[in-house]
Amino acid sequence: MSNHQHPHRPARSLLRIPLFRLLAINLAIGACAATLLVGGLLWLNPGHLRELIFADISPGIALALLLASFLITFGSAAMGSAIMAQGLKEHSGKGGGHGSRLAVQETARRTRTH
């Protein structure tokens, strides 16, 4: 039974992989921004949006659709910008990815050496 792993513990957590950790962190940032923006829209009430939503029979569906669309938009924008920024140099003010590794390349290098 030494070759079998405990069924409740995965062999390797996804958050230990740098690329997945980067995406998860930026998805959380995008989700926080989306939640704040939906809250701000409800608070500011532009075009009587809050009144329209809460005057409906089931305002939860409208709120869920609004929040879900904002989550998808801002979550994917944050994740995409994090991926695109992987090629930038960290210490210089110039752009370009000369000399820096992408997270995918770093992960591939680590798996080859182990």
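Rules of the game
- Residues numbered from 1 in each chain as written.
- Predicted model: local features only at pLDDT ≥ 70, side-chain atom pairs only at ≥ 80, totals over all residues.
- Heavy atoms only, no water.
- Helix = DSSP H or I, 4+ residues; strand = E, 2+ residues; numbered from the N terminus.
- Buried < 20%, exposed > 50% of the residue type's maximum accessible area, 1.4 Å probe, protein only.
- Contact = heavy atoms within 4.5 Å.
- Polar contact = N/O pair within 3.5 Å; in protein donor to acceptor, adjacent residues only side chain to side chain.
- Axes fitted to C-alpha atoms, helices over the stretch in contact; angles between N-to-C directions.
- Parallel < 35°, antiparallel > 145°, perpendicular 65-115°, else oblique.
- Left-handed = near helix turned anticlockwise from the far one by under 90°.
- Nonpolar A, V, L, I, M, F, W, Y, C, P; charged D, E, K, R; others polar.
- Expected span 1.5 Å × (residues − 1).
- Core = buried A, V, L, I, M, F, W, Y, C linked by side-chain atoms within 4.5 Å.

Chemist: Can you walk me through the overall build of the chain in this structure?
Modeler: Along the chain, the regular secondary structure elements total 4 helices and 0 strands. Helices and strands appear in the chain in the N-to-C order α-α-α-α. Per-residue burial over the chain gives 15% buried out of 114 residues. Taking as baseline every contact in the chain between residues at least 6 positions apart, the subset at least 24 positions apart corresponds to 51%.

Chemist: How should I be thinking about the side chain of Asn45 in this particular structure?
Modeler: Looking at the element boundaries, Asn45 is found in the loop between helix H1 (18–44) and helix H2 (49–54). In terms of polar contacts, Asn45 uses its side chain to reach the backbone amide nitrogen of Arg50, at 2.8 Å. When residues no more than four places from it in sequence are discounted, the contact partners of Asn45 are Arg50 and Glu51.

Chemist: Looking at this structure, how should I read the packing of H1 against helix H3 (residues 59–84)?
Modeler: Two elements in contact, H1 and H3, have axes whose closest approach is 7 Å; the angle formed by their N-to-C orientations is 140°. In this view, H1 runs oblique relative to H3, as classed from their interaxial angle. Helix-helix and strand crossings are classified by hand; for H1 and H3 the assignment is right-handed. Looking at the contact of H1 with H3 residue by residue, the class counts come to 20 nonpolar, 4 polar and no charged.

Chemist: Looking at this structure, I do not really get H3. What am I missing?
Modeler: With 26 residues, H3 should reach 38 Å at 1.5 Å per residue; the first-to-last C-alpha distance of 37 Å fits that figure. Among all positions in H3, only Leu66, Phe70, Gly75, Ala78 and Ala82 are buried. Buried positions along H3 lie against H1 and H2.

Chemist: Is there a simple way to explain the nonpolar core in this structure?
Modeler: It is characteristic of soluble globular proteins that their nonpolar side chains tend to be buried jointly. Counting 6 residues, the largest nonpolar core consists of Ala34, Val38, Leu42, Ile53, Leu66 and Phe70. Broken down by secondary-structure element, the contributors of at least two residues to this core are H1 and H3. Among the elements that take part in this core, H1 stands out by supplying 3 residues, more than any other. For Leu42, the residues in contact, after removing those within four places along its chain, are Arg50, Ile53, Phe54 and Leu63.

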